[in-house]
Amino acid sequence: MHERGYFDEIAPRWDDMRRTYFSERVRNRALSEARVQRGRLAADVGAGTGFITEGLIAHGVEVLAIDESLPMLQVLRRKAFDAASLHCCIGSAERLPVRTGAVDYVFANMCLHHVVHPAAAIGEMARILKKGGALIITDLDEHAFAFLTEERTDRWMGFRREDMRTWFAEAGLKDIAVGDTGERASVPSDSTDNCADISIFIARGSK
């Protein structure tokens, strides 16, 4: 199945699926690392049904939720948010529909391993940041669970942390730190008894 078709199909079930894969502690770590402040503007890239967006709005942050899947964003819109705090738009991580230097924070949770060109996507995320803004990426470490590329339409089998540091630097970011969230993703196979168990990293950089 085409990747976007996969996410369109699972959109109504995604919140329940996500809860079995990884916990809210991933979101809490991302928000803490960014040191988010009330009244600021953030972009949630690959927002899905709003895992990161929900936490940002709860902290008083206005959010541009960007995703390629309209059904995912429709699920997000139906949640009880202050309409003035949430702006949803269709777009890809490699061509963000946001003007340069527009946002205080960019978050991308479990998005990058679905992107064709991760370095280009990181460059785009850096482009839309204001000077002094922060980019926070939480994603999978490099792994060997090939069934995820077939059953979950993953394009990348995680990432090496040294590559993340390189891509952040190439995007012109500074104060770069890549570390462990202390959390793991647990994703069962649909067709075998295999279950992926993968550490989750957090990468941070500032403009």
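Further up the page is the structure itself.
Residues numbered from 1 in each chain as written. Predicted model: local features only at pLDDT ≥ 70, side-chain atom pairs only at ≥ 80, totals over all residues. Heavy atoms only, no water.

Packing of helix α3 (residues 24–34) against helix α4 (residues 51–58) brings their axes to within 10 Å, and their N-to-C directions diverge by 50°. Judged on the interaxial angle alone, α4 and α3 are oblique. At the point where α3 passes α4, the crossing takes the right-handed sense. Touching Glu 24, Arg 27 and Leu 31 of α3 are Phe 51, Ile 52, Glu 54, Gly 55 and Leu 56, all from α4. (Axes fitted to C-alpha atoms, helices over the stretch in contact; angles between N-to-C directions. Helix = DSSP H or I, 4+ residues; strand = E, 2+ residues; numbered from the N terminus. Parallel < 35°, antiparallel > 145°, perpendicular 65-115°, else oblique. Left-handed = near helix turned anticlockwise from the far one by under 90°. Contact = heavy atoms within 4.5 Å.)

This part covers the layout of surface pockets. Empty space within the largest pocket amounts to approximately 720 Å³. Forming the boundary of the largest pocket are 40 residues, of which Phe 7, Gly 46, Met 110, Cys 111 and His 114 lie nearest the centre. At the level of secondary structure, the elements contributing two or more residues to the lining of the largest pocket comprise α1 (3–10), α2 (14–21), β1 (41–45), α4, β2 (62–67) and β6 (174–188). No other element matches α1, which puts four residues into the lining of the largest pocket. Classifying every residue of the lining of the largest pocket by side-chain character gives 21 nonpolar, nine polar and 10 charged. Of the volumes computed, that of the second largest pocket is approximately 200 Å³. (1 Å grid on protein atoms, 1.4 Å probe; cavity = no way out; pocket = protein on both sides within 12 Å on 5 of 7 lines; lining within 4 Å. Points joined across faces, edges and corners; volume = space filled by probe spheres on them. Nonpolar A, V, L, I, M, F, W, Y, C, P; charged D, E, K, R; others polar.)

Contact geometry for helix α6 (residues 118–127) and helix α8 (residues 161–170): axes closest at 9 Å, N-to-C directions at 45°. As judged from the angle between their axes, α6 and α8 are oblique. In this structure, α6 crosses over α8, and the sense of that crossing is right-handed. Facing α6, whose interface residues are Pro 118, Ala 119 and Ile 122, α8 presents Met 164, Trp 167 and Phe 168. Classifying every residue of the contact of α6 with α8 by side-chain character gives six nonpolar, no polar and no charged.

On to the pairing of strand β4 (residues 103–109), then. Most of β4 is tucked away: seven of the seven residues are buried. Inspection of the sheet shows β1 paired to β4 by three bridges, in the parallel sense. What sits directly across from Ala 42, in β4, is Tyr 105. Note that β4 and strand β5 (residues 129–140) share six bridges and pair parallel. Residue pairing for β5: Asn 109 is matched across the bridge by Thr 138. After leaving β4, the chain enters α6 and then returns to the sheet as β5, a path that is right-handed. (Buried < 20%, exposed > 50% of the residue type's maximum accessible area, 1.4 Å probe, protein only. Pairing = 2+ DSSP bridges. Right-handed = clockwise from strand over helix to strand, strands pointing away.)

Enumeration over the complete set of coordinates arrives at eight aromatic pairs. Pairing Phe 159 with Trp 167 gives two aromatic rings, centres 5.9 Å apart and planes at 80°, and the pair type is edge-to-face. For Phe 159, a relative accessible area of 3% corresponds to the buried category. Residue classification places Trp 167 among the buried positions, given a relative accessible area of 16%. Here the aromatic residues Tyr 6, Phe 7, Trp 14 and Tyr 21 are joined through ring pairs into a cluster of three or more. (Phe/Tyr/Trp six-rings, centres within 6.5 Å; stacked < 30°, edge-to-face > 60°.)

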